[in-house]
Amino acid sequence: MADIKENFENANDKIEKAQDKLEQGIVQAKKDMPNVTPQPPGFHTQSTAHELKSRLDWGEPALTILDVRDREAFNARHIMGAQSMELSGLVDRAKSSLESNRDIYVYGENDAQTAEAAQMLRSAGFTRVSELKGGLYAFEDIHGSIEGTSTAGEELSAGAYNVFDRLKEYKEDTDKQKSMK
């Protein structure tokens, strides 16, 4: 009986040592291969259209896009998924519908209106507010997804709605660029 107990204890020691060795190996592997997993772009208080589009392309649901232009301009054209919150009632509407630590990207008619809206939100206690430099026009220039009544006649590609198709379109564009060289 003592032999069985001693064998059991030896087996437990070997298992514990193997587990420790495995954990050390994992830690070392992570050190040897940093940043293997791609990371979405970080948050900045002033963002470019490329940064916002990258976060959207990454599929991050933890952000809100606010359009502070008047309702008519919003209805005509806005970034896909943006919420309309006119400058006049911005703080009250934001406080009633958004978390104060939510990532908020705001854009207006121009950079001055965008900065004013961002400052109003920050003063109201919102901690993660980013000004979208160039606003709607900059986002549209890089082929970001736009919606509204003035886009009715435009054909949107499948990539505007689906990551798989977006990657397929990216590969096709890359192949075209390579063939032109």
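Criteria and cut-off values
- Residues numbered from 1 in each chain as written.
- Predicted model: local features only at pLDDT ≥ 70, side-chain atom pairs only at ≥ 80, totals over all residues.
- Heavy atoms only, no water.
- Buried < 20%, exposed > 50% of the residue type's maximum accessible area, 1.4 Å probe, protein only.
- Helix = DSSP H or I, 4+ residues; strand = E, 2+ residues; numbered from the N terminus.
- Arc of directions from axis to C-beta.
- Salt bridge = Lys/Arg side-chain N within 4 Å of Asp/Glu carboxyl O.
- Pairing = 2+ DSSP bridges.
- Right-handed = clockwise from strand over helix to strand, strands pointing away.

Enquirer: Run through helix H2 (residues 49-58), naming residues and quoting values.
Expert: Residues Ala49, Leu52, Lys53 and Arg55 constitute the buried set of H2. The arc that holds the buried residues of H2, viewed along the axis, is 160°, so those residues lie on one side. Just beyond H2, the residue with positive phi is Gly59, at close to 90°.

Enquirer: Mind laying out the pattern of salt bridges, listing which residues take part and the relevant values?
Expert: Inspection of every chain in the model, using the stated rule, returns eight salt bridges. Here Lys171 makes a salt bridge to Asp175, at a shortest N to O gap of 2.9 Å. Here Lys171 pairs with Asp175, and both are found in helix H7 (residues 163-180), just four residues apart, close to one helical turn. Given the relative accessible area of 35%, Asp175 is considered partly exposed.

Enquirer: So what about the pairing of strand S6 (residues 129-132)? Which residues, and what values?
Expert: Side chains Val129 and Glu131 project from S6 onto one buried face, and the interleaved Ser130 and Leu132 project onto a second face that is buried too. Here strand S1 (residues 46-47) runs beside S6; their pairing, made up of two bridges, is parallel. Along S6, the bridge assignment pairs Ser47 with Leu132. Of the strand pairs in this sheet, strand S5 (residues 103-107) and S6 are connected by three bridges, and their pairing is parallel. Bridge pairing in S6 places Val106 opposite Glu131. In terms of handedness, the path from S5 via helix H5 (residues 111-123) over to S6 forms a crossover that is right-handed.

Enquirer: So what's going on with the pairing of strand S2 (residues 63-67)? Residues and values would help.
Expert: The element S2 is extensively covered by neighbouring structure, given that five of its five residues are classed as buried. A two-sided burial pattern is seen for S2, the buried positions comprising Leu63, Ile65 and Asp67 on one face and Thr64 and Leu66 on the other. As paired elements, S2 and strand S4 (residues 83-84) share two bridges and run parallel to each other. When the sheet's bridge partners are listed, Leu66 is paired in S4 with Gln83.

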